[in-house]
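Here is how the chains run, residue by residue.
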Amino acid sequence: MALVRCDFFSDVLGFSTSMTVVLPQRTTGQIGMSGSGRDGDLPTLFLLHGLSDDDTIWTRRTSIERYVADLGIAVVMPQVHRSFYTDEVWGRPYWTFVAEELPAIARSFFRLSSDPAENYVAGLSMGGYGAFKLALRHPSRFGAAASLSGVLDLGDRIRTMTSEIDPLMWRRVFGDGPFDGGDNDLLALLDQVTDPPPLFQWCGTEDPLYEGNVRFRDACAKRDIPLTSQFSAGTHDWSHWDDKIRDVLAWLPLPSLRS
């Protein structure tokens, strides 16, 4: 595998930012590590970070590079700070960045597939929210989406959670208007989406986000939205996400590796 830290300028954000990218490499001589490659453009997993993290976190806290070595896929991990993958009311347009600019820039730098069936999105916590928002607002662009411990009922979190570290976060990102029912409300998006891609959800039963994940599961069932839902003992912790990202990779409908 090749691990690339890519610093680049974003016209949408108006400043330089970064993404971490894992690319497949055919190898035969590495000790304890095999590798597979593909001819042509690469299937791509956009892997999103959580609230307190950045684009390096998946490579620092998990073995994602090793897990994808035999799959022949690229993994693109962007930096969005504490934006909730949203065009912030008092900040920067991170939704436009991650939904529009980032895929185009990444494909201009690397040989990544633009085929929706070969593009996937996943994330943890805030990134799980971002992954499902991308899949529900742009269902024709993705072959599958996954959330690990995602903030799936964000309206409830806005009403009940405050942060001493970032006390104006909700107002900065979403403004003072009502949240429920808008384009950033995943539960509302379930009523609007047509032909969504398959969704995968996991959350620990001791996680503070567990009840919101149950509500999202039930809302999908009510609307016949395709959702693979898993709950098991666990908290909001990297030991679980390192384990469950392997389940996500096994679940993804990846094209067969022919070369």
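Residues numbered from 1 in each chain as written. Predicted model: local features only at pLDDT ≥ 70, side-chain atom pairs only at ≥ 80, totals over all residues. Heavy atoms only, no water.

The name recorded for the chain in an unreviewed UniProt entry is Alpha/beta hydrolase, from Dactylosporangium cerinum.

Turning our attention to the overall build of the chain. A tally of helices and strands in the chain yields nine helices and eight strands. Relative to the globule expectation of 18 Å for 259 residues, the C-alpha radius of gyration of the chain, 18 Å, shows essentially globular dimensions. By principal-axis analysis of the C-alpha atoms, the chain measures approximately 55 × 40 × 35 Å. Buried residues in the chain amount to 54% of all 259 residues. With an accessible surface of roughly 11,200 Å², the chain has 49% of that area assigned to carbon and sulfur atoms. (Helix = DSSP H or I, 4+ residues; strand = E, 2+ residues; numbered from the N terminus. Rg over C-alpha atoms; globule rule 2.2 N^0.38 Å. Buried < 20%, exposed > 50% of the residue type's maximum accessible area, 1.4 Å probe, protein only. Areas by Shrake-Rupley, 256 points an atom, 1.4 Å probe, with all protein chains shown as cover.)

Let us now look at the pattern of salt bridges. Within the structure shown, the criterion is met by 16 salt bridges. Linking Arg 172 and Glu 88 is a salt bridge whose minimum nitrogen-to-oxygen distance equals 3.5 Å. Placement of Arg 172 in helix H6 (residues 169–174) and of Glu 88 in the loop between strand S4 (74–78) and helix H3 (94–109) is noted, with a sequence separation of 84 residues between them. The residue Arg 223 makes a salt bridge to Asp 191 at a minimum N-O spacing of 2.4 Å. Residue Arg 223 is located in helix H8 (residues 210–223), and its partner Asp 191 is located in helix H7 (residues 186–192); the two are separated by 32 residues in the primary sequence. Using a relative accessible area of 55% as the deciding quantity, one classes Asp 191 as exposed. (Salt bridge = Lys/Arg side-chain N within 4 Å of Asp/Glu carboxyl O.)

Here the structure, examined in full by the defined rule, presents 13 aromatic pairs. Measuring from ring centre to ring centre gives 5.2 Å for Phe 132 and Phe 216, while their planes differ by 25°; the resulting arrangement is stacked. Of this pair, Phe 132 sits in helix H4 (residues 126–137) while Phe 216 sits in helix H8, placing them 84 residues apart in sequence. For Phe 132, a relative accessible area of 0% gives the class buried. On the numbers, 5.3 Å between centres and 80° between planes, the contact of Phe 174 with Phe 179 is edge-to-face. (Phe/Tyr/Trp six-rings, centres within 6.5 Å; stacked < 30°, edge-to-face > 60°.)

Of the strand pairs in this sheet, strand S1 (residues 2–10) and strand S2 (residues 15–23) are connected by nine bridges, and their pairing is antiparallel. Bridge assignment links Phe 9 to a residue of S2, and that residue is Ser 16. Between S1 and S2, which pair antiparallel one after the other, the connecting turn spans four residues, and Gly 14 there sits at a positive phi close to 85°. (Pairing = 2+ DSSP bridges.)

Read across the open sheet, the eight strands follow the order S1-S2-S4-S3-S5-S6-S7-S8; overall the sheet is mixed. Each end of this open sheet is capped by a strand with a single partner; those strands are S1 and strand S8 (227–232). Within this sheet the neighbouring strands show an average axis-to-axis angle of 15°, counted without direction. Bridge count for strand S3 (residues 44–48) against strand S5 (residues 119–124) is five bridges, and the pairing is parallel. Across the sheet, Leu 45 pairs through a bridge with Tyr 120, a residue of S5. (Axes fitted to C-alpha atoms, helices over the stretch in contact; angles between N-to-C directions.)

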